[in-house]
Amino acid sequence: MEEVVVKVNNLKKQYKDVKAVDDVSFYVKKKEIVAILGPNGAGKTTTLEILEGLRKRDEGEIYYFGEKADQIDSNIKEKIGVQLQSTVFFQNLTVIETLRAFAGLYQKSLEVEKVLTDFNLEEKKRSRISKLSGGQLQRLALATAVINDPEILFLDEPTTGLDPQARRNTWQIISNLRNSGKTIILTTHYMEEAEFLADRVYIFDQGKIIAEGSVSELINSLGMNSIISFKINSNGNFDDISEKLFDEIDLKVSKNENFYRIETVDLENALLKIFEEARTKKFDISDMIIRKPNLEDVFLKLTGKRLRD
Amino acid sequence: MKNRRMFSLISIFTKDTFRNWMEVFFTLLLPVLLLLLFGTIFGTEASSGTKEYKIGIVGDVDETIINSIPYKVVFFEDKNSITMALNENIINIGLLLNHENNELTFIQKEPDMNDESIIFIKLELQNILKKHYAGIKEDFINVEFIETSIGENQENPLDFIITGVIGLSLLSGGMFSMINVFGRYKKNGLIKRFLASPIKPFEFTLSASVSKLFFNFISMFIIIILGKYLFSLNYNFNWLSLFCVFISSSIGMMGLGLLLLLIFKDPAIASEAATILYVAMTFFSGVYFPIEFLPKAIRWISNFLPVKYVADLIRFSGNIKQMTLNNFLVINLILFVIGFFLIFVSSKVFLKEE
Ligand SMILES: Nc1ncnc2c1ncn2[C@@H]1O[C@H](COP(=O)(O)OP(=O)(O)O)[C@@H](O)[C@H]1O
Ligand SMILES: [Mg+2]
């Protein structure tokens, strides 16, 4: 069995009447990328920051490397790398000064110049922090997270606020980190990010874990192969027909104004039925998309909500 | 290893401080500007004493004292005659010496109260007479009766100013730096990233304080050196007690900044309060001009402003103001203990897990 490096049992944290983390248990194995996926306010940051020793837990147990950690002490902090949801640095320092300073905070550290190159910050190393772009800041935050050559990396929404190009770059960096043997726990509300990076996913909602597993396990658990979505332009009523379709083949219909979304394991038959109905009832179908289900569908099925509104 | 962490932190705090325009302005530039401004005004004022001043005296005075007074001296019989002479402008200021109860009373016209020249004549007379009499009182006819303690060798008001400037610099340096560190850095999340590293809260606090002390120290020396070369001041500092004052005042003022932060919570508001306090202290504390310049009604405020005590301590170290060694030590101790306590409390309050 692979080694479990982080284990959390029944973690709880409440703010006034908000249960930010409500009885959460999970584990992370060595060299895994685990994604905590959930909408804003799901309790991702609170969970991570409890693990990082930045917030107090109300209840629950945390194990690091098989040992129970009542306090997240400096021994643990030497071995973890932290990227906060928004990292703020001294505005008047340069990139290289910042990285050197962080290197100085740990017993063990990587070579600063090497890290600058790895994170594509070489050109900017003499720039003041206040002059950096969002993407550059994000890369610096990642660089400071790895400067102590940690065994476990906590990345809190590492690509939020980045443009698609920068997001792709960051994904590549994170993949490389995994390949170099790091264990990574990241939070995100982008399902593509979890799908692209994660070995396993914990889906959070309202402080609870509502599903867990690898991306394919989670998607297969939906029991559907395909999702068809389309729009009906005329004012017909498709609903009673869908009743009939339900019985004949295994599919599920949901409707939002005149947008329809149909989940099915039997794509060919479902499509046939839809077009048959459309022809006989003279429905005008448009904007049809057929796709594989994704984590968004898992979340939708479990909560009735979308990950991002 | 612990030393390495501290060194790393101190080094970035120091770099950040020296590059922080606001901090440099308030701690270094503003005091220097005020020094230049007031120094020039008072420096020229003191030297351009072309007008002939006349002093009226009631009481016995040694020949040697009279000779050391650089003004014309006229003797009078009693308080009434001196008052009349004053009203007729025969003399500019009167002086009653009472040997029995060792009392010295100044008599001056009400409109002269804010006259800088008269104030400096008084200071000068006090200096000369101080060597012979203790427990001197001042008396402003028709106006008031206040006690002012006076120093040993205040020959040049610039001494007075420069020690005040040092006081203000220590004050703003201490106060603003801590609001910055525990207020702004806490609020914007900068501290959080450090707390996620193996740094311990007290190491963080200590590093911040040490680097700010270093900055204050540099500022103090720049002011002292400027005073020396721009205004050719010959300091008479007791460097050991100055260092004592430097440490206790800086730490005390850090405590004051933290107190504001504990009261107001929001660093922006605490910072504004600190600015108001700073301006108030500039005017009320007798740092740039003797407190007698201000109307009596608001003069009492100075007693509540710590900079007054800090300036007094510095003046004591500079041999400009008299104070018992006991008082000196007690004020130092109070500043240090209060400051240290508040710094300690702050590292518990501001650096704990949420
Ligand atoms: N310091 C705090 N004080 C009060 N409520 C908080 C605090 N931090 C988080 N919360 C609440 O706890 C819930 C979870 O927040 P968070 O962990 O930041 O979620 P996420 O990172 O998933 O967006 C939210 O409802 C949030 O409003
Ligand atoms: Mg969050």
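Fair warning: this is a prediction, and the values are worked out from it, not measured in the lab. (Residues numbered from 1 in each chain as written. Chains lettered and ligands numbered in written order. Predicted model: local features only at pLDDT ≥ 70, side-chain atom pairs only at ≥ 80, totals over all residues. Heavy atoms only, no water.)

Student: Give me the overall build of chain A: which residues, what numbers.
Tutor: Each helix and strand in chain A was counted, giving 11 helices and 14 strands. Its C-alpha atoms give chain A principal-axis dimensions of roughly 75 × 45 × 40 Å. For chain A, with 309 residues in total, the buried portion stands at 54%. Taking the intrachain contacts of chain A between residues at least 6 apart in sequence as the baseline, contacts between residues at least 24 apart amount to 68%. As displayed, chain A has an accessible area near 14,400 Å², and 45% of this comes from carbon and sulfur atoms. (Helix = DSSP H or I, 4+ residues; strand = E, 2+ residues; numbered from the N terminus. Buried < 20%, exposed > 50% of the residue type's maximum accessible area, 1.4 Å probe, protein only. Contact = heavy atoms within 4.5 Å. Areas by Shrake-Rupley, 256 points an atom, 1.4 Å probe, with all protein chains shown as cover.)

Student: Mind laying out the overall build of chain B, listing which residues take part and the relevant values?
Tutor: Per the secondary structure count, chain B includes 13 helices and 6 strands. Here chain B holds 354 residues, and the buried ones make up 54% of them. If you take every contact in chain B between residues at least 6 apart in sequence, the share linking residues at least 24 apart comes to 72%. For chain B, the exposed area adds up to about 15,900 Å²; of that, 64% sits on carbon and sulfur atoms.

Student: Can you lay out the sheet that holds strand β5 (residues 67-68) of chain A for me, pointing to particular residues and giving the numbers?
Tutor: All names here are of chain A. In space, the 4 strands of this open sheet follow the order β2-β1-β4-β5, with antiparallel pairing throughout. Among the strands making up the open sheet, the edge pair consists of β2 (18-29) and β5. In terms of strand pairing, strand β1 (residues 4-15) meets β2 through 9 bridges, oriented antiparallel. Bridging across to β2, lysine 7 finds its partner in tyrosine 27. Contacting β1, β2 and β4 (59-64), helix α1 (residues 44-51) runs over the sheet at an angle of about 120° to β1. (Pairing = 2+ DSSP bridges. Axes fitted to C-alpha atoms, helices over the stretch in contact; angles between N-to-C directions.)

Student: Provide a residue-level description of the site of ligand 1, including the pertinent values.
Tutor: Residues and elements named next belong to chain A. For ligand 1, the full set of nearby residues is Tyr15, Val18, Ala20, Pro39, Asn40, Gly41, Ala42, Gly43, Lys44, Thr45, Thr46 and Arg55. The separation between an oxygen atom of ligand 1 and a polar main-chain atom of alanine 42 is 3.1 Å. At 2.6 Å, a side-chain N or O of threonine 45 approaches an oxygen atom of ligand 1. For ligand 1, the accessible surface in isolation is 560 Å², of which the surrounding protein chains cover 65%. Put simply, the parts of the chain that give the shell around ligand 1 at least two residues each are β2 and α1. Grouping the amino acids of the shell around ligand 1 by side-chain chemistry returns 5 nonpolar, 5 polar and 2 charged. (Near = heavy atom within 4 Å. Polar contact = N/O pair within 3.5 Å; in protein donor to acceptor, adjacent residues only side chain to side chain. Nonpolar A, V, L, I, M, F, W, Y, C, P; charged D, E, K, R; others polar.)

Student: I'd like to hear about empty space enclosed by the protein, residue by residue, with values.
Tutor: With the rule as written, the count across this model stands at 2 cavities of 30 Å³ or more. Approximately 50 Å³ is the volume found for the largest cavity. What lines the largest cavity is A:Val88, A:Phe89, A:Phe90, A:Leu93, A:Thr98, A:Phe102, B:Ile12, B:Leu190, B:Arg193 and B:Phe194. Listing elements by their share of the lining of the largest cavity, those giving two or more residues are α3 (95-104) of chain A together with α7 (190-195) of chain B. For the lining of the largest cavity, the leading source of residues is α7(B), giving 3 residues. Looking at the lining of the largest cavity residue by residue, the classes come out as 8 nonpolar, 1 polar and 1 charged. (1 Å grid on protein atoms, 1.4 Å probe; cavity = no way out; pocket = protein on both sides within 12 Å on 5 of 7 lines; lining within 4 Å. Points joined across faces, edges and corners; volume = space filled by probe spheres on them.)

Student: I'd like a rundown of unusual backbone geometry, residues and numbers included.
Tutor: Residues and elements named next belong to chain A. Of note, the phi angle at asparagine 10 is positive, near 50°, even though the residue is not glycine. Of note, asparagine 10 is situated in strand β1. The exposure class of asparagine 10 is partly exposed, given its relative accessible area of 41%. The phi dihedral of aspartate 287 falls on the positive side, at around 50°, and the residue is not glycine. By secondary structure assignment, the location of aspartate 287 is in strand β14 (residues 285-291). Exposure remark for aspartate 287: the relative accessible area of 52% places this residue in the exposed category.

Student: Explain the domain arrangement of chain B to me, and be specific about the residues and the numbers.
Tutor: By a widely used convention, the size of an interface equals the accessible area lost when the partners come together. Annotation of chain B at the domain level lists domain 1 (2-45 + 153-350) and domain 2 (71-134). Distance between the C-alpha centres of domain 1 of chain B and domain 2 of chain B: 37 Å. (Domains from an automatic or database assignment.)

Student: Before we move on, could you go through a nonpolar patch on the surface and cite the residues and values that matter?
Tutor: Residue and element names in this part refer to chain B. Taken together, Leu259, Ile263, Phe264 and Ile269 make up a surface patch of nonpolar side chains, about 340 Å² in accessible area. Counting residues per element, the nonpolar patch draws most heavily on helix α9 (residues 239-264), which supplies 3 residues. Along the polypeptide, isoleucine 269 turns up in helix α10 (residues 267-284). Classification of isoleucine 269 as partly exposed rests on a relative accessible area of 41%. (Patch = residues over 30% accessible without salt bridge, like charges linked within 9 Å, V, L, I, M, F, W, Y side chains within 5 Å. Salt bridge = Lys/Arg side-chain N within 4 Å of Asp/Glu carboxyl O.)

Student: Any chance you could break down the nonpolar core for me, citing the residues and the numbers?
Tutor: In summary, soluble globular proteins display a tendency toward joint burial of nonpolar side chains. One finds A:Val6, A:Tyr64, A:Val201, A:Leu295, B:Phe194 and B:Phe204 to be the most contacted residues of the largest nonpolar core, which totals 153 residues. A total of 15 residues in this core trace back to one element, the largest contributor, which is helix α6 (residues 157-187) of chain B. Those residues in contact with A:Tyr64 that sit more than four places away from it in its chain are A:Val5, A:Val6, A:Leu51, A:Glu52, A:Ala69, A:Ile72, A:Ile76, A:Ile80, A:Ile152 and A:Phe154. Formed by 17 residues, the second largest nonpolar core is a distinct cluster that contains B:Ile57, B:Ile66, B:Leu97 and B:Leu129. (Core = buried A, V, L, I, M, F, W, Y, C linked by side-chain atoms within 4.5 Å.)

Student: Tell me about the coordination of the magnesium ion (ligand 2), and please be specific about residues and values.
Tutor: Reference values for coordination geometry: four tetrahedral donors around a metal ideally subtend 109.5 degrees, six octahedral donors ideally subtend 90 or 180 degrees. Residues and elements named next belong to chain A. At the metal site, the magnesium ion (ligand 2) is ligated by Thr45 (OG1) and Gln85 (OE1), and these contacts range over 1.9 to 2.2 Å. Pair noted here: threonine 45 is in helix α1 and glutamine 85 is in the loop between β6 (80-83) and α3, with a separation of 40 residues, a long-range link. Overall, the relative accessible area of 16% leaves threonine 45 in the buried class. (Donors = N, O, S within 2.8 Å, 3.2 Å for Na, K, Ca; no water.)

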